[in-house]
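Spelled out, the chains give:
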Amino acid sequence: MADGENGVGTSKTLNFNVGVLGHVDSGKTSLARALSSTASTAAFDKNPQSRERGITLDLGFSSFTVDLPQHLEAECCPLGYDNLQFTLVDCPGHASLIRTIIGGAQIIDLMVLVVDVVKGMQTQTAECLLIGQLTCSRMLVILNKTDLLPSNKRQSAIEKMTKRMHKTLENTRFKDCPVIAVAAKPGGPEAADTDEPQGIPELVEVLKQQAFLPQRDSTGPLLMAVDHCFSIRGQGTVMTGTVLQGAVHINDNVEIPALKVTKKVKSMQMFRRPVPMAMQGDRVGVCVTQFDPKLLERGVVCSPGSLHTLHAALVPVHKISYFRGALSSRTKFHISLGHETVMARVTFFGSAAAAPVGQAGEESDAAGDKAPAEAAFSFDKEYCHQEEYIAGQGEGQDPEQWALLEFEKPVTCPPRCLVIGSRLDTDIHANTCRLAFHGRLLHGMEEKNYAETTLPRLLISKDKQREGTVERVTDDYTVIGRNLFKKETNLQLFVGLKVTLSSGETGVIEGGFGQSGKVKIRIPEGLKEETKQLLSCGKKKGKGGKGDSVKEEEPKGDSQPVLIHLRFKRYIFDPKKKMVQS
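Scoring rules and cut-offs
- Residues numbered from 1 in each chain as written.
- Predicted model: local features only at pLDDT ≥ 70, side-chain atom pairs only at ≥ 80, totals over all residues.
- Heavy atoms only, no water.
- Helix = DSSP H or I, 4+ residues; strand = E, 2+ residues; numbered from the N terminus.
- Buried < 20%, exposed > 50% of the residue type's maximum accessible area, 1.4 Å probe, protein only.
- Contact = heavy atoms within 4.5 Å.
- Areas by Shrake-Rupley, 256 points an atom, 1.4 Å probe, with all protein chains shown as cover.
- Salt bridge = Lys/Arg side-chain N within 4 Å of Asp/Glu carboxyl O.
- Axes fitted to C-alpha atoms, helices over the stretch in contact; angles between N-to-C directions.
- Parallel < 35°, antiparallel > 145°, perpendicular 65-115°, else oblique.
- Nonpolar A, V, L, I, M, F, W, Y, C, P; charged D, E, K, R; others polar.
- Pairing = 2+ DSSP bridges.
- Arc of directions from axis to C-beta.
- Phe/Tyr/Trp six-rings, centres within 6.5 Å; stacked < 30°, edge-to-face > 60°.
- Lys NZ or Arg CZ within 6 Å of the ring centre and 35° of its normal.
- Expected span 1.5 Å × (residues − 1).
- pLDDT = per-residue confidence, 0-100.
- Disulfide = S-S within 2.5 Å.

1. Some details on the overall build of the chain
For the chain, the count of helices and strands is 11 helices and 33 strands. In the chain, which comprises 582 residues, the proportion classed as buried is 51%. If you take every contact in the chain between residues at least 6 apart in sequence, the share linking residues at least 24 apart comes to 72%. Of the roughly 27600 Å² of accessible surface on the chain, 48% is carried by carbon and sulfur atoms.

In structure tokens, the structure reads:
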């Protein structure tokens, strides 16, 4: 984004978003503070509870600017850029606030994973790494708090932890990423500021080496993630955030979809410098008038009418391999999408001819390509209901499958946004991954009555089967069956369905027989002689004298009953609940 690109001789700054993630108390905020020269309005924990405890509770933003690295000059100079601004997104490490991390992770170009060099990888560190895999293509690891290591063992401890980190990352997309050792706040958060941070100049050089020209696109509707909102007397209300897509100009109308309010942009600033426009990837403060800042602390701002509020959604899903336990249909998960986290009931389904797809974090979503399951979905195809997510035999061998998410409350989110399903109600002290599955929004349902308007179009079927026995033969082409249905079953729904007998014949249900759930079954080709013989014992009862009758009944104990098999499928969202046979 140009900081005053209409002027002659003004500098044009390339903005590069760096997400600082890691376990609680790993020193992320201290690191961001050590790196930063200009603090944005949201920086360093505006939450007073957080300041008291020294722990980040919300996304903090700050920045520092360097000369354009040499390897970027060829690409960036023709575009007018002459310096590089690193915007640091300091994400919380609180286990209970992982939804905030997910909100922050979607707007970063490079991930910095901060690890306490004394404690190493911890539960939340691993979760941050997983989120990074889903949202980011590049990462570097920072081993913080090296000042806590005994000086005589410091170097060997750093080398040992570096090897351990490389081992942890070798099967991820971040294999061979740089590992840097620093002491962002020697002596800890309570220590005086007299001790200089250690390793920061080296870290800045590595950040410069890792920087690249992000793919920015100013076309399309505006979508901006707002992380802070405040008023300036005599000016209006300022919303600060990051432009996720499109661009915003002075005098543009912008919508706050959560409030269904539209406002005109009066002025804009990037880190206290006035600018005429901002585009995808930029950190910007947008000033509007006649708007109460208390109404919007965090959320999204967009071009009028471009965002939709959803009551349900379809998502191609991939289980996160570190999640323990089954992903079951009809259970509830915390669903994070856009900048919201809501509870949703999940229904899993798959195609009849399922094909393996890539493992978590390895699809081509980051490049904007459609993942296989996303491209394969169509309302014209038929799908099978799954009681739970089906895992493949090996890494990356899960079959294509999707999920219907039915939200407990409506959510406003952009098209094709990242969706992460979690179990955030898991004990925060348990050493277990709470991130369960991920995907990208495929189809959103905006109607409140989506169950009547959209779900019947979704051809998801459940295979059903029932088994009964032939009670008796009425003629060569008709038998009476029992135990297929309960007394209260509406047998008219099953008239015309085909059944097979265990003796090989095929029949058709003609209707009920009596009031106890028995059915009359027509055998179009007629019963086989051996079947008639098998069923004849019951017919001969009472024809002779007492002795004969007992004699006729003897084989009955050894003979196998003739079973009736009824197989059909039912579309789970069909309002008429019809039974279908292929």
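2. Quick notes on the pattern of salt bridges
Counted according to the given criterion, the structure contains 14 salt bridges. Of the charged contacts in the structure, one is a salt bridge between glutamate 471 and lysine 518, with a shortest N-O distance of 2.8 Å. With glutamate 471 in strand β27 (residues 460-475) and lysine 518 in strand β31 (residues 518-522), this pair connects stretches of sequence that are 47 residues apart. Lysine 518 gets classed as partly exposed once you look at its relative accessible area, which sits at 23%.

3. A look at the environment of aspartate 252
For aspartate 252, the location among the structural elements is in the loop between β10 (247-249) and β11 (253-256). Aspartate 252 sits in the partly exposed class, given a relative accessible area of 25%. On a C-alpha basis, the gap between aspartate 252 and serine 267 in space is 10.0 Å, while along the polypeptide they are 15 residues apart. Discounting residues that sit within four places of it in the chain, aspartate 252 has contacts with Ala247, Lys263, Lys264 and Val265.

4. Some points on the packing of helix α1 (residues 28-35) against helix α7 (residues 200-210)
The packing of two helices is summarised by the inter-axis angle and the distance between the axes. The contact between α1 and α7 brings their axes to 11 Å, and the two run at 85°. When the interaxial angle is binned, α1 and α7 end up roughly perpendicular. Contacts between α1 and α7 involve Leu31, Ala34 and Leu35 from the first element and Ile200, Leu203, Val204 and Leu207 from the second. Of the residues that constitute the contact of α1 with α7, the class distribution is seven nonpolar, no polar and no charged.

5. Topic: the pairing of β31
Taking every second residue as pointing to the same face, the buried face of β31 carries Val519 and Ile521, while none of Lys518, Lys520 and Arg522 on the other face is buried. In the sheet, strand β30 (residues 506-513) pairs with β31 via five bridges, with the strands oriented antiparallel. Its bridge partner lying in β31, glycine 512 is registered against valine 519. Taking the residues that link successive antiparallel strands as the turn, the β30-β31 hairpin has four residues, and the phi of glycine 514 there is positive, at about 75°.

6. Structural notes on α1
Looking only at α1, the buried set comprises Lys28, Thr29, Leu31, Ala32 and Leu35. Buried residues along α1 cover an arc of 160° about the axis, so they all sit on one side.

7. Some points on the packing of aromatic side chains
Going through the model one piece at a time under the given rule, you end up with 14 aromatic pairs. Summarising the aromatic geometry, the rings of phenylalanine 333 and phenylalanine 437 are spaced 5.3 Å apart at their centres and angled 75° between planes, so their arrangement reads as edge-to-face. Residue phenylalanine 333 is found in strand β20 (residues 331-337), and its partner phenylalanine 437 is found in strand β25 (residues 435-440); the two are separated by 104 residues along the sequence. A relative accessible area of 1% means that phenylalanine 333 is categorised as buried. Consider the rings of phenylalanine 348 and phenylalanine 437, whose centres lie 6.0 Å apart with planes at 80°: the pair is edge-to-face. Pair noted here: phenylalanine 348 is in strand β21 (residues 340-351) and phenylalanine 437 is in strand β25, with a separation of 89 residues, a long-range link. A relative accessible area of 0% places phenylalanine 348 in the buried class. These aromatic residues form a ring-pair network of at least three members: Phe349, Phe377, Phe379, Tyr383 and Trp402. Just above the ring of phenylalanine 333 sits the side chain of arginine 423; from NZ or CZ to the centre is 4.3 Å.

8. Here we look at helix α5 (residues 123-135)
Along its 13 residues, α5 runs 19 Å from first to last C-alpha, staying within 8% of the 18 Å computed at 1.5 Å per residue. Inspection of α5 places Gln124, Thr125, Glu127, Cys128, Leu129, Leu130, Ile131, Gly132, Gln133, Leu134 and Thr135 among the buried residues, and these make up the whole buried set.

9. Regarding the confidence of the model for the chain
Residues of the chain with pLDDT of at least 70 account for 80%, and the chain-wide mean is 81. This model gives residues 37-59 a pLDDT under 50, and the stretch forms 77 contacts once residues within four places in sequence are excluded. Contacts of residues 540-557 to residues separated by more than four positions or lying in other chains number eight contacts, the stretch itself having pLDDT below 50.

10. Details of the pairing of β30
In terms of strand pairing, strand β29 (residues 498-501) meets β30 through three bridges, oriented antiparallel. Across the sheet, lysine 498 pairs through a bridge with valine 508, a residue of β30. Taking the residues that link successive antiparallel strands as the turn, the β29-β30 hairpin has four residues, and the phi of glycine 504 there is positive, at about 115°.

11. Some thoughts on the state of the cysteines
By the definition in use, this model includes zero disulfides. Cysteine cysteine 77 is unpaired, with the sulfur of cysteine 76 as its nearest cysteine sulfur at 7.0 Å. Under the relative-accessibility criterion, cysteine 77 is labelled partly exposed at 43%. Counting only cysteine sulfurs, cysteine 413 is the nearest neighbor of cysteine 417, a cysteine outside any disulfide, at a range of 4.2 Å.

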